[in-house]
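Letter by letter, the chains look like this.
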Amino acid sequence: MQAKKRYLILLSAGACLVLLFYLGGVTLPAASRSRHDRSRHGYRPDQPWPHFSDPLHLFLPLDQTDTEEYNLHISPRQKRDVNTSVYKGKRCRMDSCFDFSQCQKSGFKVYVYPQQKGEKIAESYQNILSTIEGSRFYTSDPGQACLFILSLDTLDRDQLSPQYVHNLKTKVQNLPLWNDGRNHLIFNLYSGTWPDYTEDLGFDIGQAMLAKASISTENFRPHFDVSIPLFSKEHLRTGGERGFLKYNTIPPFRKYMLVFKGKRYLTGIGSDTRNALHHVHNAEDVVLLTTCKHGKDWQKHKDARCDKDNAEYDK
C-alpha cells in the first residue's frame, strides 16, 4: 500500500514538472543565469526582442569616426563652433592628401603663383616668397611642380590687422591649380582676433599642408603640417651674424639671455601667460617688456601695473 502511495506521489510530481516546463514557469539553471544576465542589462520578459535592421559596423578609432554621425548629436551652435575651429581636412596625411606622382616628374620643385594685380603682400611674406624663388627648388613651370605656394598673403589672418587680406576664400577657390589645396603649402603666423584668437584662417585650406606658428595640438596633423616659430618682420631673410653660442658655452657670451617685447593681454586667451612675465623680468639679462595698450577699451581692464609696464615698454 505504501509503495503504491509513493508511486502515485512520484507520478503526480512528474506530471506537475512537465506542466511547469510546458507553461514556462521553471527554467533550467543555465537559462536562469541567462535571464539574470539579461535583467541586469535592462531586459524585461514583457518587452519584445529588439530588432536591428542595420548591419554591425567595423570598429574605428575615435579620430577616424565619421563626423556626420557626430554632428547628429550636437546643437547647431556647436556645429558652427566646430566647423570654424577645425579644418575639413583634419584627417589629412601625406599618404591620403598628397600626390607624390607630381614629384616623380622633375623631382622636388616648388611653384609660386604669380602675384595678382592690386594684391598687397606684407614684407614678411614677400621675404618668404623671394627666398623660395631664389632657391634651387624653384620652378616657374607649374607642370613641373611638386609643391605649390600661394602669392596671396596668408601670414596675418587677424581681422583687426592692416595686413589682413579680405575675400581670401573666394580668391583661393578661383585659383586654377588649387585642386582643393592638394600639394599646396599655406604659411600662417597669426590667426583669429582678440580676445579669443581662434585658428580660423577665414577660408578652408582643404587638403593643403599648413606651416603655422602657435598651432594647437588639436588641429596639428602629424607628419603633414609644419610647426614654425613666430618671427618678426625684421627677421633677416638669409645670412646674418654668426651665432653667439660657441663651443657649448653656457651661458653664451651675450649681454641678454632672454628678451621679449609685446602686448600684455588683460583678458582673453594668453592673458595668464603674459601677465606672469613680470615675475621673471630682472631688467638686466632677462628683459620682458609688455604694454597694456591693446584694443580700443584696454583702459576698462587696466590694472595696477599698467602705468609702470607701459612706461618701460615705451623706453
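For the structure itself, consult the block above.
The numbering scheme is per chain: residues are counted from 1 as the chain's sequence reads. Restriction of local features to residues with pLDDT of at least 70 applies here, the model being predicted, together with a cutoff of 80 or more for giving and counting side-chain atom pairs; totals for whole chains, interfaces and linings are based on all residues. Hydrogen atoms and water are omitted, and side-chain values are computed over all heavy atoms in the structure.

Enquirer: Looking at this structure, how should I read the side chain of threonine 291?
Expert: Along the chain, threonine 291 turns up in strand β9 (residues 286-291). The buried label goes to any residue with under 20% of its type's maximum accessible area, the exposed label to any with over 50%, and the partly exposed label to all in between, with areas taken from a 1.4 Å probe on protein chains only. Residue classification places threonine 291 among the buried residues on the basis of a relative accessible area of 4%. N or O atoms within 3.5 Å of each other form a polar contact, as long as, within protein, one can give a hydrogen and the other can take it, and as long as residues adjacent in sequence are counted only when both atoms are side-chain atoms. A polar side-chain atom of threonine 291 sits 2.9 Å from a polar atom in the side chain of asparagine 310. Excluding residues that lie within four positions of it along the chain, threonine 291 makes contacts with Gly262, Lys263, Arg264, Asn310 and Tyr313. Each helix is a run of DSSP H or I of at least 4 residues and each strand a run of E of at least 2, with the numbering of both proceeding from the N terminus. By the convention used here, residues are in contact when the closest approach between their heavy atoms is within 4.5 Å.

Enquirer: When you look at helix α10 (residues 306-314) in this model, what are you seeing that I'm missing?
Expert: What sets the pattern is the α-helix's 3.6 residues per turn: residues three or four places apart point alike. When we look at burial in α10, the residues that qualify are Cys306, Asp309, Asn310 and Tyr313. Down the axis of α10, the smallest arc covering the buried residues is 100°, so these residues share one side. In this fold, the buried residues of α10 make contact with β8 (258-263) and β9. The reported arc concerns the directions from the helix axis to the C-beta atoms and nothing else.

Enquirer: Got a minute to help me understand the environment of threonine 154 in this structure?
Expert: Mapping threonine 154 onto the fold places it in the loop between β2 (147-149) and β3 (156-157). When the C-alpha atoms of threonine 154 and phenylalanine 187 are compared, they prove to be 6.1 Å apart, with 33 residues separating the residues in sequence. Ignoring anything within four residues of it in the chain, the contact list for threonine 154 reads Tyr125, Leu168, Ile186, Phe187, Asn188 and Phe203.

Enquirer: Would you take a moment to explain the state of the cysteines for this structure?
Expert: Among covalent bonds in proteins, the disulfide is the one between the sulfur atoms of two cysteines. Put simply, a disulfide is two cysteine sulfurs that come within 2.5 Å. Under the defined criterion, the tally for this structure stands at three disulfides. Here cysteine 92 is linked by a disulfide to cysteine 97, with a sulfur-sulfur distance of 2.0 Å. Between cysteine 92 and cysteine 97 the disulfide shows an S-S torsion of about -75°. By sign, it is left-handed. Covalent S-S linkage joins cysteine 103 and cysteine 146, the inter-sulfur distance amounting to 1.8 Å. Taking the sign of the S-S torsion, 55° for the link of cysteine 103 and cysteine 146, the bridge is right-handed. Of this pair, cysteine 103 sits in helix α6 (residues 103-106) while cysteine 146 sits in the loop between α7 (123-133) and β2; the two residues are 43 residues apart in sequence, bridging distant segments of the chain. Residue classification places cysteine 146 among the buried positions, given a relative accessible area of 1%.

Enquirer: I keep staring at the pairing of strand β6 (residues 209-212) and nothing clicks. Help me out?
Expert: Moving residue by residue along a regular strand, the side chains alternate between the two faces of the sheet. By the alternation rule, side chains of β6 split into Met209 and Ala211 and Leu210 and Lys212, which are all buried. Two strands pair under a simple rule: DSSP has to find at least two bridges between them. Sheet analysis places strand β4 (residues 184-188) next to β6, joined by four bridges and oriented parallel. Bridge assignment links asparagine 188 to a residue of β6, and that residue is lysine 212. Relative to strand β7 (residues 226-227), β6 is paired through two bridges, and the arrangement is parallel. Residue pairing across strands places alanine 211 opposite valine 226, the latter belonging to β7.

Enquirer: What is the right way to look at unusual backbone geometry in this model?
Expert: With the exception of glycine, most residues fall at negative phi, and the peptide bonds are largely trans. For serine 214, which is not a glycine, the phi torsion comes out positive at approximately 60°. Checked against the element boundaries, serine 214 lands in the loop between β6 and β7. The phi angle at histidine 223 is positive, at roughly 60°, despite the residue not being glycine.

Enquirer: Would you take a moment to explain a nonpolar patch on the surface for this structure?
Expert: The patches described consist of residues with a relative accessible area above 30% and no salt bridge, like charges being joined within 9 Å and nonpolar side chains (Val, Leu, Ile, Met, Phe, Trp, Tyr) within 5 Å. Reported accessibility uses the Shrake-Rupley method at a 1.4 Å probe radius. Residues are deemed covered only where the shown protein chains occlude them. Any Lys or Arg side-chain nitrogen located within 4 Å of an Asp or Glu carboxyl oxygen qualifies as a salt bridge. Among the surface-exposed residues, Met257, Leu258 and Val280 lie close enough to one another that they form a single nonpolar patch of about 290 Å² accessible area. Tracing the sequence through the fold places leucine 258 in strand β8. Residue leucine 258 is classed as partly exposed on the basis of its relative accessible area, which comes to 41%.

Enquirer: When you look at the environment of isoleucine 215 in this model, what are you seeing that I'm missing?
Expert: Relative to the helices and strands, isoleucine 215 resides in the loop between β6 and β7. Sequence separation between isoleucine 215 and isoleucine 228 is 13 residues; the distance between their C-alpha atoms is 8.8 Å. Each residue touching isoleucine 215, except ones within four places of it in the same chain, is listed here: Glu199, Leu210, Phe220, Asp225 and Ser227.

Enquirer: Sorry, what's going on with the sheet that holds β6 here?
Expert: The strands that make up a sheet pair up through hydrogen bonds in the backbone, lying either parallel or antiparallel. Reading across the sheet, the five strands line up as β1-β2-β4-β6-β7 and stay open at both edges, with parallel pairing between neighbours. Strands at the two margins of the open sheet, each flanked by one partner only, are β1 (110-112) and β7. Direction of pairing for β2 relative to β4: parallel, over a ladder of two bridges. The partner of isoleucine 149 across the bridge, within β4, is leucine 185. The strands touched by α7 within the sheet are β1, β2 and β4, with β1 carrying the most contacts at an inclination of about 135°. A fitted line through C-alpha atoms serves as each axis, taken over the contacting stretch for helices, and the angle formed by two N-to-C directions is quoted from 0 to 180°.

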